[in-house]
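Below are the chains, spelled out letter by letter.
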Amino acid sequence: MRSHSESALRKSFINCSKGAAQRINFPKEILNADPAVWEKQIFLSWSDPKSPQRAFLVAETTSGLQGLVMERNAAQVKGGGARMCQICLTLHSSSGVSLVSIPTSKSSQDKYGSIGTYICSDLECVAYTLGKKKPDGIRQMEETLTPEEKIERMLGNVQDIFTRVEELLKK
Ligand SMILES: [Zn+2]
């Protein structure tokens, strides 16, 4: 990623009010970081240490810098064996993925809508994609993609989520 200021990050959120965006807690290592730190980021994903059920995703999309607010379902995903993160396509045991709902309205006053998806509970999609992290005891799909191709695919999945939310926000 390129470097982005705190105000640019706050302005990037497409599915919450301006006031809510002002209250988002960003990871300390990102705010005012050197361009070298930013360069290593594929996209940003983190949860709010004060309310861990809230998660955030900021990416450089075809529409520019965009951010999403997500709510993690507190209940663990039950049964059904392995589940796949819809961003990085890593297979996890059921506790390793979280069902998140992504509001598709700018404020709670608007007509409420959301989309649901499964993502890595620890939000470490980038580390899984780069092979820096592996879920315990779950066999992954056999793939011949290079790390660069996997990153590209993951960014495509992130883009798809933003596109879906943008389309619903327009309605
Ligand atoms: Zn993931």
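Above this note sits the structure.
Residues numbered from 1 in each chain as written. Predicted model: local features only at pLDDT ≥ 70, side-chain atom pairs only at ≥ 80, totals over all residues.

### Let's talk about helix 5 (residues 147-170)
Next up, step 1: Given a rise of 1.5 Å per residue, 24 residues ought to cover 34 Å, and the 35 Å separating the end C-alpha atoms of helix 5 matches this to within 8%.
Next up, step 2: Buried within helix 5 are the following residues: M154, V158, I161, F162 and V165.
Next up, step 3: Buried positions along helix 5 lie against strand 2 (51-61), strand 3 (64-72), strand 6 (97-103), strand 7 (114-120) and helix 4 (125-129). (Helix = DSSP H or I, 4+ residues; strand = E, 2+ residues; numbered from the N terminus. Expected span 1.5 Å × (residues − 1). Buried ≥ 20, exposed ≤ 12 C-beta atoms within 10 Å, placed from the backbone. Contact = placed C-beta atoms within 7 Å.)

### As for the nonpolar core
Next up, step 1: Counting 29 residues, the largest nonpolar core has L68, M70, I119, C120 and C125 as its most contacted members.
Next up, step 2: Leave out the neighbours within four places in its chain, and C125 touches S45, C85, I87, C88, I119, C120 and M154. (Core = buried A, V, L, I, M, F, W, Y, C linked by C-beta atoms within 7 Å.)

### Here's the deal with the pairing of strand 1 (residues 44-48)
Next up, step 1: Across five bridges, strand 1 lies against strand 2 in antiparallel orientation. Paired with L44 across the two strands is V58, which belongs to strand 2.
Next up, step 2: The antiparallel hairpin formed by strand 1 and strand 2 contains two residues in its connecting segment. (Pairing = 2+ DSSP bridges.)

### What to know about unusual backbone geometry
Next up, step 1: Positive phi values are uncommon outside glycine, yet L89 reaches one of about 65°.
Next up, step 2: By the secondary structure assignment, L89 is in the loop between strand 4 (83-84) and strand 5 (91-92).
Next up, step 3: Since 17 C-beta atoms lie within 10 Å of it, L89 is described here as partly exposed.
Next up, step 4: In this model, L123 sits at a positive phi of 60°, which is unusual for a non-glycine residue.
Next up, step 5: When you line up the elements, L123 lands in the loop between strand 7 and helix 4.

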